[in-house]
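Descriptive structure summary
So the chains spell out like this:
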Amino acid sequence: MRRIWSAIIVCIFTFLSKEVVFTQDNKLSSVYILAPASTASTPLFVLAEKDPLENVDIIVKVFINHPQALVSLYRKEAQFLFSGTSLGWENRLGGAPIIMVTTGVWGVSYLIGKEPLITDFAQLKGKKIALPFPGSPLDFQTRYILHKNGINPDRDVELSYAPFTQITSMLLEGLIDAAPLPEPLATNVIVHHGLRRLVDYKKAWAGVSQAGEYSPQVSLFATADLVQQNRDFIIDIENAWRESTAFTIENPRQAATISARYLSMPINVIETAIINTLYAVPGYSENRKMVIDYYHEVKDFLPGKREMLPDNFFFSCE
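The structure displayed is predicted, hence computed values, not measured ones.

Before going further, it helps to examine the packing of helix 2 (residues 42-50) against helix 11 (residues 252-259). In the contact formed by helix 2 and helix 11, the axes pass within 9 Å of each other and the chain directions differ by 75 degrees. By the angle class used here, helix 2 and helix 11 are roughly perpendicular. Here Thr 42, Phe 45, Val 46 and Glu 49 of helix 2 come into contact with helix 11, specifically with Ala 255, Ile 258 and Ser 259. Looking at side-chain class alone, the contact of helix 2 with helix 11 contains four nonpolar, two polar and one charged residues.

The next subject is the packing of aromatic side chains. For any pair of aromatic rings, the description rests on two quantities: the centre-to-centre distance and the angle between the ring planes. If you walk through the whole model with that rule in mind, you get 15 aromatic pairs. Pairing Trp 89 with Tyr 294 gives two aromatic rings, centres 6.4 Å apart and planes at 45 degrees, and the pair type is tilted. Of the two residues, Trp 89 sits in helix 4 (residues 85-93) while Tyr 294 sits in helix 13 (residues 284-298), which places them 205 residues apart along the sequence. Ring plane angle 45 degrees and centroid distance 5.4 Å describe the contact between Tyr 144 and Trp 205, whose orientation is recorded as tilted. Here the residue Tyr 144 occupies a position in helix 5 (residues 137-148), and Trp 205 occupies one in helix 8 (residues 201-206), the gap between them amounting to 61 residues. On the basis of relative accessibility, which here comes to 6%, the residue Tyr 144 falls in the buried class. Owing to a relative accessible area of 0%, Trp 205 belongs among the buried residues under this scheme. Every member of this aromatic cluster is reached through a ring pair, and the members are Trp 89, Phe 140, Tyr 144, Trp 205, Tyr 294, Tyr 295 and Phe 301. A cation over a ring is seen here: Lys 50 above Phe 247, with NZ or CZ 4.2 Å from the ring centre. We note Arg 197 situated over the ring of Tyr 110; from NZ or CZ to the ring centre the distance is 4.4 Å.

Taken residue by residue, the protein chain gives an average pLDDT of 91. The fraction at 70 or more is 91%. The low-confidence segment residues 1-25, where pLDDT is below 50, has 53 contacts with residues more than four positions distant or belonging to other chains.

Attention now goes to the nonpolar core. Membership of the largest hydrophobic core comes to 48 residues, with the highest contact counts inside it found for Trp 89, Ile 98, Phe 121, Leu 124, Leu 309 and Phe 313. Not counting residues up to four positions away in its chain, the partners in contact with Phe 121 are Thr 142, Ile 145, Leu 146, Asn 149, Ile 151, Val 199, Tyr 201 and Ala 204. Core analysis: the second largest hydrophobic core is formed by 41 residues, Ile 58, Leu 220, Leu 226 and Trp 241 among them.

Turning our attention to the layout of surface pockets. Looking at the largest pocket, its volume works out to about 1,200 Å³. Forming the boundary of the largest pocket are 38 residues, of which Pro 36, His 66, Phe 133, Phe 164 and Pro 182 lie nearest the centre. When residues of the lining of the largest pocket are traced back to their parent elements, those giving at least two are helix 1 (2-9), helix 3 (66-74), strand 3 (80-84), helix 4 and helix 5. It is helix 4 that contributes the most residues to the lining of the largest pocket, four residues altogether. Residues of the lining of the largest pocket, tallied by class, amount to 26 nonpolar, 10 polar and two charged.

We now examine the pairing of strand 7 (residues 158-161). As paired strands, strand 6 (residues 128-131) and strand 7 are joined by four bridges and run parallel to one another. Residue pairing in the sheet places Leu 131 in a bridge with Tyr 161 of strand 7. Regarding topology, helix 5 serves as the crossover connection from strand 6 to the parallel strand 7, and that connection is right-handed.

Parameters at a glance
- Each residue is numbered by its place in its chain's sequence as written, counting from 1.
- Reporting in this predicted model follows two pLDDT cut-offs: at least 70 for local features of residues, and 80 or more for side-chain atom pairs to be given and counted; totals over whole chains, interfaces and linings ignore these cut-offs and use all residues.
- Working from all heavy atoms in the structure, the side-chain values ignore hydrogens and water.
- All axes are obtained by fitting lines to C-alpha atoms, using only the stretch in contact for helices, and the reported angles, taken between N-to-C directions, cover 0 to 180 degrees.
- Each helix is a run of DSSP H or I of at least 4 residues and each strand a run of E of at least 2, with the numbering of both proceeding from the N terminus.
- Comment on the angle field: the value is read as roughly parallel under 35 degrees, roughly antiparallel over 145, roughly perpendicular from 65 to 115, and oblique elsewhere.
- Any two residues whose heavy atoms approach within 4.5 Å are treated as being in contact.
- Each residue gets one label: Ala, Val, Leu, Ile, Met, Phe, Trp, Tyr, Cys and Pro are nonpolar, Asp, Glu, Lys and Arg are charged, and the others, such as Gly, are polar.
- Two rings belonging to Phe, Tyr or Trp (six-membered ring only in the last case) form a pair when the distance between their centres is within 6.5 Å. Interplanar angles under 30 degrees mark stacking, angles over 60 mark edge-to-face geometry, and anything in between is tilted.
- Accessibility here uses a 1.4 Å probe with only protein chains present; expressed as a share of the type maximum, an area under 20% marks a residue as buried, one over 50% as exposed, and anything in between as partly exposed.
- Here, a charge over a ring means that NZ of Lys or CZ of Arg falls within 6 Å of the ring centre while also lying within 35 degrees of the ring normal.
- One confidence number per residue, pLDDT, is output by the predictor and ranges from 0 to 100.
- Residues grouped as a nonpolar core are buried Ala, Val, Leu, Ile, Met, Phe, Trp, Tyr and Cys residues, joined through side-chain atoms within 4.5 Å.
- Any residue with an atom within 4 Å of a point lines the site, the site being either a cavity, points on a 1 Å grid over the protein atoms alone where a 1.4 Å probe fits but cannot get out, or a pocket, an open set with protein on both sides within 12 Å along at least 5 of 7 lines.
- Grid points are joined across faces, edges and corners, and a volume is the space filled by probe spheres set on the points.
- DSSP-based pairing: two strands are paired if at least 2 bridges between them are found.
- When the strands point away from the viewer and the path from the first strand over the helix to the second turns clockwise, the crossover is right-handed.

Structure (C-alpha cells):
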C-alpha cells in the first residue's frame with residue numbers, strides 16, 4: 001500500500017482554491033471538506049446544509065479519486081478529507097503528515113448474492129467470492145471473518161478480484177456466488193437488479209470481535225499543521241458533525257433529500273442506504289482505542305510488514 005503514497009505525489013487536483021480563508025484574528029472563516037460520493041458522507045452533507053458554526057462557511061465537495069483528494073489535502077486546497085480509515089493509516093505509516101480527527105462510519109457493507117440459503121460466513125466454504133482489490137478494506141476484513149469462522153480464505157473459498165462495476169455483472173451472470181458491496185451500491189443492486197442481502201457485515205463482525213458491530217470504515221482526516229494551528233476549531237466542527245450525524249440517524253428521509261443534491265441516485269435508494277449504515281462520531285480517546293483495537297485485530301491480514309499506529313496519528317483535544 002506504500003505505492004498509494006508514491007502515486008499521490010504526481011497527481012493534480014484543481015477544483016478548489018489554493019487559498020485557505022482566514023478572518024482578521026487568524027481563524028478559519030471557510031472550510032472545505034472533501035467527501036466521497038457515497039451515503040457514508042450524508043452527515044457531512046447535512047452539516048454543510050445547516051452550517052451551524054458562527055462566521056464559518058462549511059463547504060463539502062464530493063470526490064471520486066482518493067489519491068487526488070489526498071493531494072488536495074496536502075496542498076491545503078481543502079482542510080479536511082473524509083475517506084477510508086485504512087487509507088489514512090497506510091498513508092501515515094508511509095510518512096504522510098496526516099492526522100485522524102475521528103471516525104464517522106462503523107459499518108457500511110453487505111454480502112450480496114442470489115442464493116437465499118447463504119445466511120452467514122460459515123456457509124461460504126467452497127463458494128466463489130469477488131473482492132474489490134487485494135489489500136482493500138473489504139479484502140482484509142472478509143478474509144479475517146472467514147478465518148474466524150474456520151474457513152481458510154486461501155484454500156476453502158475461491159477468491160477473485162474485480163472493480164465493483166464488474167462484480168455486479170459477475171453476480172448477475174452467476175459467475176460468483178457472493179460479494180461484499182458497500183452502501184449505497186448494495187441497496188442499488190438490490191432495488192434495480194433483484195439481488196439479495198445475504199449477510200450484514202456488522203453482524204458478521206460482531207460474531208468474531210469483542211467490539212460488537214463496530215469496525216472503523218470511514219474517518220475524517222486533516223494535516224498535522226492544520227491540527228496544530230486550529231485545535232479549538234476542530235473540536236467545534238467535530239461536535240457539529242456529531243449533531244448532524246444524530247440528525248441523519250433520526251431523520252433518514254430528510255437526510256436523504258439533502259444528500260440527493262450531492263449524489264446522482266433516487267432518494268429512496270439513499271434513504272435505505274442511510275438506514276443500513278452504522279454512523280457514530282465517538283470522542284477522541286474512544287475513537288483511538290477502537291481504531292487501534294481493530295488495526296491490531298486484522299493486521300495479520302493486511303499486506304506487507306505491519307507497524308503499530310503512532311499515538312500522534314490521532315487527534316487529541318488536550
